[in-house]
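Chains, contacts and geometry: an overview
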Amino acid sequence: MFDMAGMMGKMKDLQDKMQQAQQEMQFVTAVGEAGGGLVRATANGHHRIVKLEIDDSLLSDQEMLSDLVVAAVNKALTEAGEKAKEELKNKTSGLIPNIPGLDLGGFGL
C-alpha cells in the first residue's frame, strides 16, 4: 500500500538536503590547467571562476595567453560540474524513492 505521508516526509527531507548541498557547492573546487601548468583556473561548484593564475612568461604573447586561459577555464568548469554533481548525488543518496517514470535528471541526479 502506498504511504503518502511517508512519501511527503521523504520529499521534505530531499528538499532540505538539496538546499544544504546547493549551499555547500561554493566549497567544491576544481582546477583546470593548460600549457603544462602555465595557466591555472580554479572553479567552484556554482560554476564560477574563483582564481586565475598566469605565468609571467605568457604576458608577451596575447594570442597564446588567450587560448590557454580559455582552455584552463573550460577544464576547471567541466571538472567542477562533475564534482558538484557527484557531491549532490552523495548528499541525496537514499532519499529519493524509486518511482517508475520519475526523471530527476534536471537536478543533476
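Everything numeric here is computed off the predicted structure, so don't read it as measured data. (Residues numbered from 1 in each chain as written. Predicted model: local features only at pLDDT ≥ 70, side-chain atom pairs only at ≥ 80, totals over all residues. Heavy atoms only, no water.)

When its secondary structure is counted, the protein chain shows two helices and three strands. Taken from N to C terminus, the helices and strands of the protein chain fall in the order α-β-β-β-α. In the protein chain, which comprises 109 residues, the share counted as buried stands at 28%. Sequence separation of 24 or more characterises 50% of the internal contacts of the protein chain that already satisfy a separation of 6 or more. (Helix = DSSP H or I, 4+ residues; strand = E, 2+ residues; numbered from the N terminus. Buried < 20%, exposed > 50% of the residue type's maximum accessible area, 1.4 Å probe, protein only. Contact = heavy atoms within 4.5 Å.)

Right, let's talk about the nonpolar core for a bit. The biggest cluster of nonpolar side chains holds 13 residues, and the ones touching the most others in it are Val 39, Ala 41, Leu 58, Leu 65, Leu 68, Val 69 and Ala 72. Of all the elements in the fold, those that place two or more residues in this core are strand 1 (29-34), strand 2 (39-44) and helix 2 (62-92). With seven residues, the single largest contributor to this core is helix 2. Discounting residues that sit within four places of it in the chain, Ala 72 has contacts with Gly 32, Glu 33, Ala 34, Val 39 and Ala 41. (Core = buried A, V, L, I, M, F, W, Y, C linked by side-chain atoms within 4.5 Å.)

Take the pattern of salt bridges next. Any two side chains of opposite charge can pair if their charged atoms end up close together. Across all of its chains, the model carries three salt bridges by this definition. One salt bridge in this structure joins Arg 40 and Glu 53, with 3.5 Å as the shortest N-O distance. With Arg 40 in strand 2 and Glu 53 in strand 3 (residues 49-54), this pair connects stretches of sequence that are 13 residues apart. Residue class for Arg 40 comes out partly exposed when judged on its relative accessible area of 28%. By relative accessible area, Glu 53 is classed as partly exposed at 31%. When salt bridges that share partners are traced, they join Glu 33, Arg 40 and Glu 53 into one network. (Salt bridge = Lys/Arg side-chain N within 4 Å of Asp/Glu carboxyl O.)

With a phi close to 60°, His 47 is a non-glycine residue in the positive phi region. For His 47, the location among the structural elements is in the loop between strand 2 and strand 3. Look at His 47 and you get partly exposed, because its relative accessible area is 44%.

A few words now on the pairing of strand 2. Buried residues dominate strand 2, accounting for five of its six residues. Of the strand pairs in this sheet, strand 1 and strand 2 are connected by six bridges, and their pairing is antiparallel. Residue pairing in the sheet places Glu 33 in a bridge with Arg 40 of strand 2. Adjacent in sequence and paired antiparallel, strand 1 and strand 2 are bridged by four residues, among which Gly 35 carries a positive phi angle near 65°. (Pairing = 2+ DSSP bridges.)

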